[in-house]
Amino acid sequence: MLNVSTKDLVPSPVGPVDVEQAEAALVERYPRLVRIAYLVLPPSLGRNRRVLTAHALVQRSLPRRRVAGPSVPEPRLAEDAVDPGYAYVRSEVLRQALVAGLPLRRLALPSRAQFPPLLPHVWGLRLFPRVGGADELALDQRLSRLSGPGRAAYVLRGLERQGDAEVLRVLAAAGVADPAAALAEADALDGAPELPGEGPGGALPPDGGGAGPEGGAAAEPGGPGRSGAGGAGGDRPGPDASGRPDLPGHGGPGPRRSGAALLESDEFDPCALQARPTDLLRRRQHARAGVVAVAALLVCGALLGLPGDGWGRNGAAAPSYARNPAAEAALDPGALKRVDPAVWPASTRQDFSVWPARGALTGDRALLRRALAVWARPGASVRSSATPGTPVGPPMGPPQLLFAGVVDGARVVILHDGLRAVRYAEPVGGTAGAALDFARTDGADAVGSAALVLSRAAGNVRYLTAPWVRETSVRDLLAPGEEARPLGRDAVGVTEPMTSPALAKGCTRWNTLQVRDGSGLRMLADLGELAPARLLWGPPAAPADATGPEAREAWARTACQLSAVRAHGVRSVNAWRFARQPLPEGAGSGTWLCTRAETWRGTGSRVLAQFLVPSSSVPAALAARSEGSPACGVRDPRVLAGVLWQAPGGGWYVLAAGSPDFTALETSGGVKGRSDGPLLAVKAAAGARADLAGTLPGGTRVRALR
């Protein structure tokens, strides 16, 4: 039974501890602290790991900063004669040693003390204390049967000469959940039955012989803890009443040493070590396996670093999926086609094939390699876009380099393979957020290859113009009476930024790029694609660039309808005035326009029929639309459309008009009427619906555009 009062369990104040004070205590009493850690650690770790772990735990026990004492000092007890620095370090050593003996659990977060120490570390040798006798072996076997807190209690009482109250206090400070049970476990060690081989001749004596953990320790010099006469705690038996030391039991031939005395033996001294080699054959096998693993890593690294693949060389590109000579040549930046600036003036053709390579980064092989790799294998992080009908696969061979440089905070590369123009852009600070844009440009002429979109930023657009473009300016389609504003370019043909209508939500301004080449002015509109669309005016058989006053007046009222063909792969848009019609009730003359958007792919053309009232401030009214229809085109240069119109006097009329080759028009359904010629006006009711058809000279009936 423990004779401990409630007050004895209250920790006594040891005062504040400085880092220097703790270090001095650790250095001065380092062998004692390592011995404590070695004894508390579980023997199942093996002697070599116990030695290294004991040294590591002691070396990690220094505080990082000054340890403050209790805010209100309490009366000092007799046990508080221990140096505060040593008491703190010993408590930390015990806490870590107890944690190191805990088993690893699947769901619990492991502690640093539960892993093999990183330092100190010994290669090629096994270290262990000197081998003791039978007494030390028997004590080690008995200690292995105790729990970690039980071993700590036994060591504190036998090696540190501490009483029960102080042992309980130190164990509680080290984090032991039940210090009393640990002390009882240490008491039971001396009363346990003898192990085989113990008994006469020098193992631990049986309980009651006066040789418990305290019995033979009274005459030994005190450790760094307090020294106590009459045993460790004053409440346990020491020498007998006559003052004689304990005699060996059973009439043995020589004196037996107590457990407390054995704790001081060389068997448990991890500072006096012996060295032996590790398993030499296994070490040789491990060395061979390590050499093979390193060689395999080197070979894999060399293979990954070959041209066309590797870590980081291709930026945001996905992994390779095939290898063949043509594909490898297409991805080689050294094989890119570069046209000399002196070629285009003497060439018989003017298109992208004679554009010279321009920009400050045309010699950046790493950038060009990334652009080619992302083109062939765009990764998941690449923002990619393509006009309808444009293939997005890798080039068939080495493409032509048109531009490489820094524009609006991004590195931009423009390539051309005869079928497509490809724009690659990445931030200057890295390859994250790379973008890839495809546009079909096959069959481009001098005007179709006059400019390419180089950058879009903050609602503005920059163009890269062809080398034969002499002058660039900005013209607002919605302001036909205003003069074009000059647009500056740098030495390589990059324009200054201009406001773009491609992403605008409203229609208050529609800026176009006006370029002058060797044969005249051209009007180009940004429809959200890499290649701008050419704006034309006139009959389908002979359209002209929409740069004249009449064309600008018509486009001013129909420009907002261009939003219907954004991002559709449009090559050119032609507006044609196919009829003028006198309006009923003397309201003036209305104008009929047919707008046709041709695509680069040849299919998917869009046709819009629009009606313009006499007032120039009123936008065009959309009368009909169709996709894929040949109307208003070269193959079928005719169109028929109608609207329900309200006269200024309030009357409603069905107005219809066809191209000049219609001989008669007729309405049926909700409104019936007929007229000879390409124009028709029939009075109707509000909200009336009618079917419209026309007759051609050969008698062929044609329905209205839809």
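Worth saying up front: this structure is predicted, and the values here are computed from it rather than measured.

Q: Would you take a moment to explain the environment of Pro-678 for this structure?
A: On the secondary structure map, Pro-678 appears in the loop between strand 24 (673-676) and strand 25 (679-684). Classification of Pro-678 by relative accessible area gives partly exposed; the value is 26%. The spacing of Pro-678 and Ala-656 is 22 residues in sequence and 8.0 Å in space, taken between C-alpha atoms. With near-sequence residues (within four places) excluded, Pro-678 lies in contact with Ala-656, Ala-657, Gly-658, Ser-659, Phe-662 and Leu-665.

Q: Quick question: what am I supposed to make of the confidence of the model for the protein here?
A: Low pLDDT marks stretches whose predicted atomic positions should not be read closely. Scored by pLDDT, the protein has a mean of 81; 80% of the residues are at 70 or more. Every residue in residues 1-13 is under pLDDT 50, and counting partners more than four places away or in other chains gives 22 contacts.

Q: What exactly am I supposed to notice about the state of the cysteines here?
A: Within the structure shown, the criterion is met by two disulfides. Linked covalently through their sulfurs, Cys-594 and Cys-632 form a disulfide whose S-S length is 1.6 Å. Here Cys-594 and Cys-632 share a disulfide; its torsion about the S-S bond, 120°, makes the bridge right-handed. Here Cys-594, found in strand 18 (residues 589-599), pairs with Cys-632, found in the loop between strand 20 (621-627) and strand 21 (640-646); they are 38 residues apart in sequence, far enough to count as distant. Taking relative accessible area as the criterion, Cys-594 reaches 1% and is therefore assigned buried.

Q: Explain the packing of helix 4 (residues 84-100) against helix 6 (residues 148-158) here, please?
A: Helix packing geometry: the angle between the two helix axes and the distance between the axes. One way to put it is that helix 4 packs onto helix 6 with a least axis distance of 10 Å and a crossing angle of 150°. On the basis of their axis angle, the class for helix 4 and helix 6 is roughly antiparallel. Handedness of the helix 4/helix 6 crossing: right-handed. Along its contact with helix 4, which presents Arg-90, Leu-94 and Leu-98, the element helix 6 presents Gly-148, Pro-149, Ala-152 and Leu-156. Among the residues forming the contact of helix 4 with helix 6, the class breakdown is five nonpolar, one polar and one charged.

Q: Is there a simple way to think about helix 13 (residues 549-558) in this case?
A: Since the α-helix advances by 3.6 residues per turn, residues separated by three or four positions end up pointing in the same direction. Judged by how many residues are buried, helix 13 sits mostly within the fold: seven of 10 residues are covered. Restricting attention to buried positions, one finds in helix 13 the residues Ala-551, Arg-552, Ala-554, Trp-555, Ala-556, Arg-557 and Thr-558. Against the buried residues of helix 13 lie strand 10 (471-476), strand 15 (533-537), strand 17 (570-582), strand 18 and strand 19 (606-612).

Q: How should the pairing of strand 23 (residues 664-669) be read in this particular structure?
A: Residues in a regular strand point their side chains to alternate faces of the sheet. The pairing of strand 23 with strand 24 spans four bridges and is antiparallel. By the bridge assignment for strand 24, Thr-667 is matched with Gly-673. What sits between strand 23 and strand 24 in their antiparallel hairpin is a turn of three residues. Pairing analysis gives six bridges linking strand 23 to strand 26 (residues 690-695), with the strands arranged antiparallel. Bridging across to strand 26, Leu-665 finds its partner in Gly-694.

Q: Any chance you could explain the packing of aromatic side chains here in plain terms?
A: The geometry of an aromatic ring pair is captured by two quantities: the separation of the ring centres and the angle between the planes. Across all of its chains, the model carries seven aromatic pairs by this definition. Note on Trp-375 and Phe-438: the rings are 6.5 Å apart at their centroids and 65° apart in plane angle, and the pair reads as edge-to-face. Of this pair, Trp-375 sits in helix 12 (residues 365-376) while Phe-438 sits in strand 7 (residues 435-440), placing them 63 residues apart in sequence. Ring pairing ties together the aromatic residues Trp-576, Phe-578, Trp-592 and Phe-611, which thus form one cluster. Above the face of the Tyr-38 ring, Arg-50 is positioned so that its terminal group lies 4.0 Å from the ring centre. For Arg-358, the ring lying beneath its charged end belongs to Trp-355, and the centroid distance is 5.0 Å.

Q: How do you make sense of the nonpolar core when you look at a structure like this?
A: Nonpolar side chains in soluble globular proteins tend to end up buried together. Grouped together as the largest cluster of nonpolar side chains are 46 residues, with contacts concentrated most on Val-40, Val-58, Leu-94, Leu-143 and Leu-171. For this core, the elements supplying multiple residues, two or more each, are helix 1 (19-28), helix 2 (30-40), helix 3 (47-59), helix 4, helix 5 (134-144), helix 6, helix 7 (164-173) and helix 8 (179-191). The element contributing the most residues to this core is helix 2, with eight residues. In terms of nonpolar packing, the next biggest core, distinct from the first, is built from 36 residues, Phe-352, Ala-410, Ala-450 and Tyr-463 among them.

Q: What is the right way to look at the environment of Leu-655 in this model?
A: With respect to the element layout, Leu-655 can be found in strand 22 (residues 652-658). Judged by its relative accessible area of 0%, Leu-655 is buried. Put simply, Leu-655 and Ala-684 are 29 residues apart on the chain and 9.8 Å apart in space, counted from C-alpha to C-alpha. Those residues in contact with Leu-655 that lie beyond four places of it in its chain are Gln-581, Leu-583, Pro-584, Trp-592, Phe-611, Ala-641, Gly-642, Val-643, Trp-645, Leu-680 and Ala-681.

Q: Any chance you could explain the sheet that holds strand 25 here in plain terms?
A: Strand pairing in a sheet relies on backbone hydrogen bonds. The paired strands run either parallel or antiparallel. Spatially, three strands are ordered 21-22-25 in an open sheet, and the strand pairing comes out antiparallel. The open sheet is flanked by strand 21 and strand 25, the only strands paired with a single partner. Adjacent strand axes in the sheet meet at a mean angle of 20°, parallel and antiparallel pairs treated alike. As paired elements, strand 21 and strand 22 share seven bridges and run antiparallel to each other. If you follow Gln-646 over to strand 22, its bridge partner there is Trp-652.

Q: Whenever I open this one, the pattern of salt bridges confuses me. Can you help?
A: Oppositely charged side chains may form a pair once their charged atoms are brought near each other. Counted by the stated rule, this structure contains 27 salt bridges. For the salt bridge of Glu-627 with Arg-606, the shortest nitrogen-to-oxygen distance reads 3.5 Å. Remark: Arg-606 occurs in strand 19 and Glu-627 occurs in strand 20; sequence separation between them is 21 residues. Judged by relative accessible area, Arg-606 falls into the partly exposed class, the value being 24%.

Q: Help me out: how do you make sense of the sheet that holds strand 8 (residues 451-457) in this one?
A: Across the sheet, which stays open at both edges, the three strands sit in the order 8-9-12 with antiparallel pairing between neighbours. Looking at which strands have only one partner, the edges of the open sheet turn out to be strand 8 and strand 12 (498-499). Where strand 9 (residues 460-465) meets strand 12, two bridges bridge the pair, whose relative direction is antiparallel. Paired with Val-461 across the strands is Met-498, a residue of strand 12.

Criteria and cut-off values
- Residues numbered from 1 in each chain as written.
- Predicted model: local features only at pLDDT ≥ 70, side-chain atom pairs only at ≥ 80, totals over all residues.
- Heavy atoms only, no water.
- Helix = DSSP H or I, 4+ residues; strand = E, 2+ residues; numbered from the N terminus.
- Buried < 20%, exposed > 50% of the residue type's maximum accessible area, 1.4 Å probe, protein only.
- Contact = heavy atoms within 4.5 Å.
- pLDDT = per-residue confidence, 0-100.
- Disulfide = S-S within 2.5 Å.
- Axes fitted to C-alpha atoms, helices over the stretch in contact; angles between N-to-C directions.
- Parallel < 35°, antiparallel > 145°, perpendicular 65-115°, else oblique.
- Left-handed = near helix turned anticlockwise from the far one by under 90°.
- Nonpolar A, V, L, I, M, F, W, Y, C, P; charged D, E, K, R; others polar.
- Pairing = 2+ DSSP bridges.
- Phe/Tyr/Trp six-rings, centres within 6.5 Å; stacked < 30°, edge-to-face > 60°.
- Lys NZ or Arg CZ within 6 Å of the ring centre and 35° of its normal.
- Core = buried A, V, L, I, M, F, W, Y, C linked by side-chain atoms within 4.5 Å.
- Salt bridge = Lys/Arg side-chain N within 4 Å of Asp/Glu carboxyl O.

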